Amino acid sequence: MTDEWRGWQEAAETALYGDEGFYRRPEGPAGHFRTSVHASPLFAAAVARLLVATAAELGTTDVDLVDMGAGRGELVTGVLAALPAEGGAGLTVRAYAVELAARPEGLDPRVQWCAKPPRGVRGLLFANEWLDNVPLPVAETDPDGVDRYVEVRTSDGAERLGEPVGGADAAWLRDWWPSAGPGSRAEIGRPRDEVWADAVSTLSAGLAVAVDYTHVRAERPPYGTLTGFRAGREVRPVPDGSCDLTAHVALDACAAAAGPDTELRTQREALADLGISGERPPLALASTDPAAYVRALSTAGEAAELTARGGLGDFGWLTRRVRSPSGAHPSPSGG
Ligand SMILES: C[S@@+](CC[C@H](N)C(=O)[O-])C[C@H]1O[C@@H](n2cnc3c(N)ncnc32)[C@H](O)[C@@H]1O
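Residues numbered from 1 in each chain as written. Predicted model: local features only at pLDDT ≥ 70, side-chain atom pairs only at ≥ 80, totals over all residues. Heavy atoms only, no water.

Caption draft 1: Quick look at the overall build of the protein. Counting its regular elements, the protein contains ten helices and 15 strands. In terms of overall dimensions, the protein is globule-like: its C-alpha atoms have a radius of gyration of 21 Å, near the 20 Å expected for 335 residues. Its C-alpha atoms put the protein at 65 × 50 × 40 Å along the principal axes. Burial status across the protein gives 54% buried among its 335 residues. Counting contacts in the protein only where the partners sit at least 6 residues apart, residues at least 24 apart contribute 73% of the total. Each charge sign in the protein was given a centre, from 32 positive and 47 negative side chains, and these centres are 3 Å apart. (Helix = DSSP H or I, 4+ residues; strand = E, 2+ residues; numbered from the N terminus. Rg over C-alpha atoms; globule rule 2.2 N^0.38 Å. Buried < 20%, exposed > 50% of the residue type's maximum accessible area, 1.4 Å probe, protein only. Contact = heavy atoms within 4.5 Å. Lys, Arg positive; Asp, Glu negative; His and termini not counted. Charge placed at Lys NZ, Arg CZ, Asp CG, Glu CD.)

As structure tokens, then:
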């Protein structure tokens, strides 16, 4: 812990991913917050369905699955477990968990643990709540209307304004998050655009999906979204390694950076296409088969959480289809 002042990108990089960083801790992300993956196994089942659909589009039974920013490998493990029930019994799947933290003990031996996404894969690359943890510079407009980098003190999260924003960052702000006037803030999403485009480029064919908290150009929050999480609670963002540091993702900018064949939808819409909705089972089932009714009710409750307005259902699903050089596979059906 130091009294050093640094830009937010550099400070967050050390706080999250340095040797003593928040994401190196043994408890992993699930010790501090709940993602869709932790909320319900229905999420992994939906991703399994998407993998099956992607393999069908590619015309293969031999397919890659890349869980990008895998946490402790919960999603990839859940997908492998769900595949037989979701029409994937006949698939041969090479499964990769891409994660900066160490491989957890006892992980399914079929999962390859890597620090970088493997290149040239054919199949599905899925990044759930990865991009919001990619550190980025923060800007604030000063009283004269000049956008300046916000600097932060590691020890207590105090902030001050630094140099004017210039070069590619200034161009990004102009294109994607113009100032709302003195005192307004913006999170410069350029590093996220770049890592997303790079992740997409690792696919030789198939589908890349990024799922995250999002906002689009017409509705940027005037003071930004940078915040912290610790042990299930939202806390003041202090870059000392004691908490998660996260900011919503300008997925529209990421989409533009990664080329054509992209689609941006809500999680609610994407999961509905994959057969998940929060509808309650018919009441008649309660008298004909009470046990089935209780099971269906519990499933509906989990689906409702995944698709809720004002909650996980508002997350953005950015999909980018990568066609093999021949462009041979037919157009999508499952997402
Ligand atoms: C919010 S957690 C999400 C975990 C999991 N995907 C889920 O949905 O539960 C983000 C994860 O991304 C990992 N991460 C961030 N940047 C990464 C990178 N460049 N390469 C690999 N993993 C990264 C972090 O270590 C962290 O475990």
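There's plenty left to go through after this.
Caption draft 2: The sheet that holds strand β4 (residues 111–114), seen in detail. The strand order across the open sheet built from seven strands is β4-β3-β2-β5-β10-β15-β14, with neighbouring strands paired in mixed fashion. Taken across any chain shown, the strands that pair with only one partner, and hence form the sheet edges, are β4 and β14 (262–266). The average undirected angle you get between the axes of adjacent strands in this sheet is 20 degrees. Where strand β5 (residues 121–128) lies against strand β10 (residues 203–212), eight bridges are found, and the strand directions are parallel. (Pairing = 2+ DSSP bridges. Axes fitted to C-alpha atoms, helices over the stretch in contact; angles between N-to-C directions.)

Caption draft 3: Structural context of the site of the ligand. Taken together, 17 residues lie near the ligand, and T35, G69, E99, N128 and N133 sit nearest. Residue G69 places a main-chain N or O atom 2.7 Å away from a nitrogen atom belonging to the ligand. In the environment of the ligand, a nitrogen atom lies 3.4 Å from a nitrogen or oxygen atom belonging to the backbone of L100. If the ligand stood free it would expose 600 Å²; the protein chains cover 93% of that surface. Grouping the amino acids of the shell around the ligand by side-chain chemistry returns nine nonpolar, six polar and two charged. (Near = heavy atom within 4 Å. Polar contact = N/O pair within 3.5 Å; in protein donor to acceptor, adjacent residues only side chain to side chain. Areas by Shrake-Rupley, 256 points an atom, 1.4 Å probe, with all protein chains shown as cover. Nonpolar A, V, L, I, M, F, W, Y, C, P; charged D, E, K, R; others polar.)

Caption draft 4: Geometry of the sheet that holds strand β12 (residues 233–235). Read from one edge to the other, the open sheet built from three strands follows the order β12-β11-β13, with strand pairing classed as antiparallel. Two strands bound the open sheet, and with one partner strand each, they are β12 and β13 (244–246). Taking each pair of neighbouring strands and ignoring which way they run, the sheet shows an average axis angle of 35 degrees. Sheet analysis places strand β11 (residues 227–230) next to β12, joined by three bridges and oriented antiparallel. Across the sheet, the residue bridging to R230 is R233, located in β12.

Caption draft 5: Spatial organisation of the pairing of strand β8 (residues 159–164). Across four bridges, strand β7 (residues 147–153) lies against β8 in antiparallel orientation. Looking across to β8, one finds that V150 is bridged to L161. Connecting β7 to the antiparallel partner β8 that follows it, the hairpin turn spans five residues, and G157 within it adopts a positive phi of roughly 80 degrees.

Caption draft 6: Seen up close, unusual backbone geometry. For A231, which is not a glycine, the phi torsion comes out positive at approximately 45 degrees. For A231, the location among the structural elements is in the loop between β11 and β12. The residue D261 is not glycine, and still its phi comes out positive at about 60 degrees. Along the chain, the position of D261 falls in the loop between α7 (251–257) and β14.

Caption draft 7: Up close: the packing of aromatic side chains. Evaluation of the coordinates by the stated rule reveals seven aromatic pairs. A ring pair is formed by Y17 and Y23, whose centres lie 5.7 Å apart and whose planes are at 15 degrees; its orientation type is stacked. Of the two residues, Y17 and Y23, both sit in the buried class. Considering the side-chain rings of F22 and Y23, the 5.1 Å spacing of their centres and the 80 degrees angle between planes classify their relative orientation as edge-to-face. No difference in accessibility class separates F22 from Y23, as the two residues are buried. Within the aromatic cluster, the residues linked to one another by ring pairs are Y17, F22 and Y23. (Phe/Tyr/Trp six-rings, centres within 6.5 Å; stacked < 30°, edge-to-face > 60°.)

Caption draft 8: Focus on helix α4 (residues 74–82). Looking only at α4, the buried set comprises L75, V76, V79, L80 and A82. Buried residues in α4, looked at end-on, bunch into an arc of 170 degrees, giving them a common side. On its buried face, α4 sits against α2 (36–39), α3 (41–58), β2 (62–68), β3 (92–98), β4 and β5. (Arc of directions from axis to C-beta.)

Caption draft 9: Representation of α3. Helix length check: α3 (18 residues) gives 26 Å between terminal C-alpha atoms against 26 Å at 1.5 Å per residue, within 8%. The buried fraction of α3 is high, at 15 of 18 residues. Taken from the residues just after α3, G59 is the one with a positive phi, measuring 70 degrees. (Expected span 1.5 Å × (residues − 1).)

Caption draft 10: How the structure looks around the confidence of the model for the protein. Averaged over the protein, the pLDDT score is 94; the fraction of residues at 70 or greater is 96%. In this model, residues 327–335 is a region of pLDDT below 50 whose contacts with residues beyond four sequence positions or in other chains number 20 contacts. (pLDDT = per-residue confidence, 0-100.)

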